Amino acid sequence: MFAASGINGTLGRAFLLVGIIGSLFGAIAAISSARQRDQAVAKLIPRFAVLVFAASFGAFAVMERAMINRDFSLAYVQKVGSVSTPALYNFAAVWSALEGSILMWVLILAGYTLAVTFWLRKKMDDVLSRYALGVMFIVSMFFFVLSFGPANPFAAGPAGVFDGPGPNPLLQNHLLVMFHPPLLYLGYVGMTVPFAFAIAALITGRVGEGWLLATRRWTLFAWGFLTIGIVLGSWWSYEVLGWSGVWAWDPVENASLLPWITATAYIHSVLVQERRGMLRVWNLSLLVSTFSLTILGTFLTRSGVLNSVHAFSQSAIGPWLLTFFAVIVVVSVGLIGWRGDRLHAPGSIDSPLSREGAFLANNVLFAIFAFVVLLGTVFPLIVEALQSRTIVVGEPFFNRLTIPIGITMLTIMAIAPVLPWRKASQELLSKRLFWPAWCGVIALAGSVWVGATGLAPLLTFALGGFASGSALRQVVLATRRQGLRGLVGRANGGMIVHLGVIIIAVALAASNSFTHSQELNLEVGKVATFNGHTFELIDVIEVKTDRATAVKALVKVDGGKAYAPAITKFTKQGMNVGTPSVKTGLAKDIYLTLEPPVRQDEKKARIKVFFKPLLLWLWIGGGLMALGTLLAAFPGRRRKPTSPTSDDDFAADLLVML
Amino acid sequence: MNSKSVNNKWSWTLLVLSAVALLAFGSMRSSGPQTQADRIDAITKVLACPTCQGESVYVSRASAAESIRAEVARQIASGQRTDDEVIAFIEARFGSRVLLVPRSTGLDSLIWVLPVFALVCAVGTLGFAFRRWKVVGNDSISEEDAQLVERALREEQ
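Residues numbered from 1 in each chain as written. Chains lettered and ligands numbered in written order. Predicted model: local features only at pLDDT ≥ 70, side-chain atom pairs only at ≥ 80, totals over all residues.

(A) How the structure looks around helix 4 (residues 83–94) of chain B. Residues and elements named next belong to chain B. When the terminal C-alpha atoms of helix 4 are compared, their 16 Å separation across 12 residues agrees well with the 16 Å that a helix rising 1.5 Å per residue should span. Residues of helix 4 that are buried: Val 86, Ile 87 and Ile 90. Angular distribution of buried residues about the axis of helix 4 spans 100 degrees; they occupy a single face of the element. Exposed side chains of helix 4 directed beyond 90 degrees from the buried face belong to Asp 84, Glu 85, Ala 88 and Ala 92. Tucked into the core, helix 4 has its buried residues touching helix 2 (36–45) and helix 3 (63–78). (Helix = DSSP H or I, 4+ residues; strand = E, 2+ residues; numbered from the N terminus. Expected span 1.5 Å × (residues − 1). Buried ≥ 20, exposed ≤ 12 C-beta atoms within 10 Å, placed from the backbone. Arc of directions from axis to C-beta. Contact = placed C-beta atoms within 7 Å.)

Below you can see the structure in the form of structure tokens.
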């Protein structure tokens, strides 16, 4: 056993070293061949991409092997591994702490680099492709170095350890931990691709529209996974954490939301550039912000400067990430400044009441949204630095500021889809908005009818109805014209995404504003009633496994199925984890938690019941967003790239290639 | 003005009036009785758990949060105090660091001021940009561009 134990550590580090060298040479090959237009060197780029991916895959596989074989010679396995962790959670334990998640970042980044190389295989003659790959190799190298040095998952641990605590108990009682982090990382890391092309376009000076069209689908792909990752994270929070909420404005959640906000802004404003050739600097800035926010977010949440439920323990990667962040910002701003003359927008926006005017308003809102989230996340740091006292910025602050932003966004979502480019006349608007607006009034009347109160939720429901009317109008018109093809393409798929967003907004407003909760002291054999539902305690049982003891209260809801909220004591960590049990329904969820203290022998249980209206629709809306993203990625009705400002035929070529 | 657009005007007026009426009615009426647990939830959402980083008492399962929650529950159960009075009581007992809402004085007020400032700047810049674009947009077409368009049109035919 000891003979084998050294192997994983050595092998893993060897793979990481190969990755560093491979990405270094890949970057050198890409950039030197771009500068000297050397075809022979350019041919080497794909080989380095394969090598780097193989190295990252090897390192990740070795880590999995060490985890599966319980190789306790590694400090990381001692930290998150345990003999008694079930196989699936043990597999996921690799990314349950800092070092392993950086390793996963490396794997996904190398995967993206390989995929982009394959995608560009016939475009390798283009200098811009080489520069873009050069940037990807440099970013890869940084993460390989991070994993090799300050976040080394293969460091040897103290000898004589034969078991560990296993991953955090919260990370081993729901299957979503298997999927949430990898999907989120696919989104996070995917933002490197458009960033690399943005930098390449700036270096080559070809800041026309070609590279934008080229990377549209990559950005959409990453954005889609970021969306799914965030939704799954909320779902996990709801199903596992037991406070019945989906979003706590926790710094790590904010860190994933920030790049999502700027990427969403970009996806909208890039249309203005494609169509009108404007907003070039703004779009480049959004791409750079998105990428640098993924790095800043990782710094804030993984270095220990901010604490949150997700934050892993203090580590040495802070200065590295901060330096990298600074380099990205300085280089990008420098490049944008250097290319300032070519970035000058040739056109102008005639009227605020036009498609491009609405996109601009949307972008201002998204920028302020991002600013509010960033400010709320880092403000405690600022106060601590200046006045050395701790303050907490939480849900009340974020709700107060983001609810008006959200309502304004819904307003724009209601009007923008019907606006034509250039300029809209009053008659046109009055005609196109007529039925969508009535949808809004009907939604409002319906929600008043079922008893909704309060200005903010009612506005959300009304504008949600209005905005879905506008979105449906677009989809209906398109499908009437083109049949099923009217469901695909950017505009139509985008409207499906809008519908998903609207459903989420309505579900959030309903579940936040009209939640009711009650504590029930249940005794076996007695029936309690709350809000027209009956709750009957059947039994309180204890389930023992070798890693935990769970006390479960079996509660029959409305005389039907028994639900089992539980409190689980994880023996090794000495940690109590409450597990809610949810009766899901289209109209409302009934969310049950078992409240401490629990005494199994007394056959009594204190249960907290939450009624969460429309909560299920959050996940349905998330699914619709994913579906819409997929539809948007399919080519819609072909339109000739007639943009008058395209300064090269790269766009046309790529359009054909796609 | 033809009759169609008059009809249109009337139906838009009707639409706006009914929306305003529904909003006014819906937002004025009371939201129904709150359970004691609802009040406890609302209060604990604006209180910070003193031992955990950045979580509200409502979210946290830590023992310090449990004890504050128990205190809030006791206050609510006695029925003597309003929600604000309970919050003030908890603040007096546990110190101002248990307040989750940033204060609006001193350095902390920046967190409220800066977003408003950003909004004003953004809207101002946008307004300025539209005004400038309007001026640029009204510029007459240059000779060169006119010829370009003419040539393009000829080629099309």
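Having seen the structure, we can now continue with the description.
(B) Representation of the sheet that holds strand 8 (residues 581–583) of chain A within the structure. Residues and elements named next belong to chain A. Spatial ordering of the open sheet is given by 1-10-9-8, a layout of four strands whose pairing is antiparallel. What marks the edges here is a single partner per strand, and that holds for strand 1 (516–523) and strand 8. For this sheet, the mean inter-axis angle between neighbouring strands, taken without regard to orientation, is 25 degrees. (Pairing = 2+ DSSP bridges. Axes fitted to C-alpha atoms, helices over the stretch in contact; angles between N-to-C directions.)

(C) Quick look at the interface of chain A and chain B. With 51 residues of chain A at the interface, the matching set in chain B holds 43 residues. When contributions to the side of chain A that touches chain B are tallied by element, the ones reaching two or more residues are helix 14 (355–387), helix 15 (395–415), helix 16 (426–449), helix 17 (455–482) and strand 1 of chain A. Among the elements that make up the side of chain A that touches chain B, the one with the highest residue count is helix 14 of chain A (12 residues). By residue class, the composition of the side of chain A that touches chain B is 32 nonpolar, 15 polar and four charged. (Nonpolar A, V, L, I, M, F, W, Y, C, P; charged D, E, K, R; others polar.)

(D) Quick peek at the confidence of the model for chain A. Residues and elements named next belong to chain A. Counting all residues, the mean pLDDT for chain A is 88, and 94% of those residues have values of 70 or more. Here residues 1–5 is modelled with pLDDT under 50, and outside its nearest four sequence neighbours on either side it reaches two contacts, counting other chains as well. Contacts of residues 640–658 to residues separated by more than four positions or lying in other chains number 30 contacts, the stretch itself having pLDDT below 50. (pLDDT = per-residue confidence, 0-100.)

(E) Spotlight on the nonpolar core. Formed by 227 residues in total, the largest nonpolar core has its most connected members in A:Ala200, A:Val506 and A:Ala507. With 17 residues, helix 10 (residues 210–240) of chain A is the largest single contributor of residues to this core. (Core = buried A, V, L, I, M, F, W, Y, C linked by C-beta atoms within 7 Å.)

(F) Just the environment of A:Leu520, in detail. Residues and elements named next belong to chain A. Summarising the element assignment, Leu 520 is placed in strand 1. In this structure the C-alpha to C-alpha distance between Leu 520 and Lys 608, which are 88 residues apart in sequence, comes to 6.1 Å. In this structure Leu 520 touches Ala 528, Phe 530, Phe 535, Ile 607 and Val 609, once residues within four positions along its chain are discounted.

(G) How the structure looks around unusual backbone geometry. Residues and elements named next belong to chain A. Unusually for a residue other than glycine, Arg 37 sits at a positive phi of about 50 degrees. Mapping Arg 37 onto the fold places it in the loop between helix 1 (2–36) and helix 2 (39–42). When the 11 C-beta atoms within 10 Å are taken as the criterion, Arg 37 is described as exposed. If you check the backbone angles, Arg 70 has positive phi at about 50 degrees while not being a glycine. You can see Arg 70 is positioned in the loop between helix 3 (45–68) and helix 4 (75–80).

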